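Examination of the molecular architecture
Now for the letters of each chain:
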Amino acid sequence: MTAALANIGPVMLVGAGKMGVALARGWLDAGLPPNNLVIVHPRPGDALLELAQDYGLTLSSQASGLTPNLLVVGVKPQVMDDVLESLAPVIAPHTLVVSIAAGIDLARLADKAGTQRVVRTMPNTPVQVRKGITGVVPGSQVTAEDRVWIDALFSASGLVVWLDEEAQLDALTAVSGSGPAYVFHMVEALAAAGKRQGLPDAIAEQLARGTVIGAAALMDAGSLSPTLLRENVTSPKGATAAGLAVLMGESGLTDLMDRTVSATRQRTEELGRS
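Described in the following lines is the structure provided in the data block. The model shown is predicted, which means the values in this text are computed figures rather than measured ones.

For the structure shown, the criterion picks out 12 salt bridges. Where R25 meets D54, a salt bridge forms, and the shortest distance between an N and an O atom there is 3.2 Å. One end of the pair, R25, is in helix 2 (residues 18-29); the other, D54, is in helix 3 (residues 46-55), with 29 residues separating them in the sequence. Here R25 falls in the partly exposed class, since its relative accessible area comes to 23%. Classification of D54 as partly exposed rests on a relative accessible area of 44%. The partner of R120 in a salt bridge is E166, and the shortest N-O contact between them spans 3.0 Å. With R120 in strand 6 (residues 118-123) and E166 in the loop between strand 8 (158-162) and helix 7 (167-177), this pair connects stretches of sequence that are 46 residues apart. By relative accessible area, E166 is classed as partly exposed at 24%. A network of salt bridges, in which partner residues are shared, links R120, E166 and D170.

And the structure:
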């Protein structure tokens, strides 16, 4: 049990899709008392209903009747302004407002929430299996105690990375926030290549999936850098070296990934302006 979570006081989560449900389950498993968590969601899905049943949670279609210490807002960027304005009755001077939406900057959060006690975060989908990573940038009135609370909440589902500059959060979103999708597509592409080489569909998919899972586990198990791990599996003039000559060549993976991350960041910034 995390002492900070046990003593954090009322937490309200507004918007509980897959990410919100995964975060909430992590908080509860790490020691947040169920009676200290209120979830606001107008149309609860099966995963949220199951969570509520598992922990005896209070679900509500609208925020009312509680002034939380932490207000975590997990709605889509396109509706963030309206949602924050509707939450004005539950935001007190001591309430810390935490956004998990992409692109909405601190100034806009503070303006719509009516408080300077705001925090931007960007968790990624592996929080569902406690292997997530969450980038955090604090507003000007976030205290040392607030940081302890944020660390406790998000470390329940993986790593927490504090950023010095707000602009870095859009870059982080493009790398780790969207990054799992890039990896999943790489598995799809590797499986498709295996099929074109004559492997049965099911085996090609099993090999591609297992290879990425195994490589990630190997990287996670030790302290060797990705570069050294790559070099360790690459014999000079061998088969792997022949493949890497293509992957690392001109307009190869490095260039493709740079363009991918750049496109993602650009769209993140657009969402923040919409």
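Residues L37 and I39 line one face of strand 2 (residues 37-40) and the alternating positions V38 and V40 line the opposite face, and both faces are buried. With 4 bridges joining them, strand 1 (residues 11-14) and strand 2 adopt parallel strand pairing. Bridging from a neighbouring strand, M12 pairs with V38 of strand 2. As for the winding sense of the linkage, the β-α-β connection from strand 1 through helix 2 to strand 2 is right-handed. Of the pairings in the sheet, the one linking strand 2 to strand 3 (residues 58-60) comprises 3 bridges and is parallel in character. For V38, the partnering residue across the bridge sits in strand 3 and is T58. Each parallel crossover has a hand, and for strand 2 linked through helix 3 to strand 3 it is right-handed.

With burial as the criterion, each face of strand 5 (residues 96-99) is covered, one bearing L96 and V98 and the other bearing V97 and S99. Here strand 4 (residues 70-73) pairs with strand 5 via 4 bridges, running parallel. When the sheet's bridge partners are listed, L70 is paired in strand 5 with L96. After leaving strand 4, the chain enters helix 4 (residues 80-86) and then returns to the sheet as strand 5, a path that is right-handed. The sheet contact formed by strand 5 and strand 6 spans 3 bridges and is parallel. From the neighbouring strand, V98 faces strand 6, where its bridge partner is V119. Handedness of the crossover is the feature at issue here: the chain leaves strand 5, passes through helix 5 (residues 106-113), returns alongside strand 6, and the resulting connection is right-handed.

Time to look at helix 7. Buried residues of helix 7: L169, D170, L172, T173, A174 and S176, and no others. In this structure, the buried side of helix 7 is in contact with strand 6, strand 7 (132-138), helix 8 (179-196) and helix 12 (253-273).

Turning our attention to unusual backbone geometry. Backbone geometry at K237 places phi at a positive 65°, although glycine is not the residue there. You can see K237 is positioned in the loop between helix 10 (226-232) and helix 11 (239-247). Taking relative accessible area as the criterion, K237 reaches 86% and is therefore assigned exposed.

Nonpolar side chains collect at one region of the surface, where L247, M248, L253, L256 and M257 lie side by side and expose about 420 Å² of accessible area between them. The element contributing the most residues to the nonpolar patch is helix 12, with 3 residues. Residue placement: M257 occurs in helix 12. On the basis of relative accessibility, which here comes to 34%, the residue M257 falls in the partly exposed class.

Reading across the sheet, the 8 strands line up as 3-2-1-4-5-6-7-8 and stay open at both edges, with mixed pairing between neighbours. Every interior strand has two partners, whereas the edge strands, strand 3 and strand 8, have only one. When strand polarity is set aside, the average angle formed by the axes of neighbouring strands in this sheet is 20°. Examined bridge by bridge, strand 1 and strand 4 share 4 bridges and lie parallel to one another. Across the sheet, the residue bridging to L13 is V72, located in strand 4. Of the strands in this sheet, strand 5, strand 6 and strand 7 touch helix 5, which is tilted by about 125° from strand 6. Lying over the sheet, helix 7 contacts strand 6 and strand 7, oriented at roughly 25° with respect to strand 6.

Here is what the cut-offs are and how they apply
- Residues numbered from 1 in each chain as written.
- Predicted model: local features only at pLDDT ≥ 70, side-chain atom pairs only at ≥ 80, totals over all residues.
- Heavy atoms only, no water.
- Salt bridge = Lys/Arg side-chain N within 4 Å of Asp/Glu carboxyl O.
- Helix = DSSP H or I, 4+ residues; strand = E, 2+ residues; numbered from the N terminus.
- Buried < 20%, exposed > 50% of the residue type's maximum accessible area, 1.4 Å probe, protein only.
- Pairing = 2+ DSSP bridges.
- Right-handed = clockwise from strand over helix to strand, strands pointing away.
- Contact = heavy atoms within 4.5 Å.
- Patch = residues over 30% accessible without salt bridge, like charges linked within 9 Å, V, L, I, M, F, W, Y side chains within 5 Å.
- Areas by Shrake-Rupley, 256 points an atom, 1.4 Å probe, with all protein chains shown as cover.
- Axes fitted to C-alpha atoms, helices over the stretch in contact; angles between N-to-C directions.

None of the figures reported here should be taken as evidence of function without further support.
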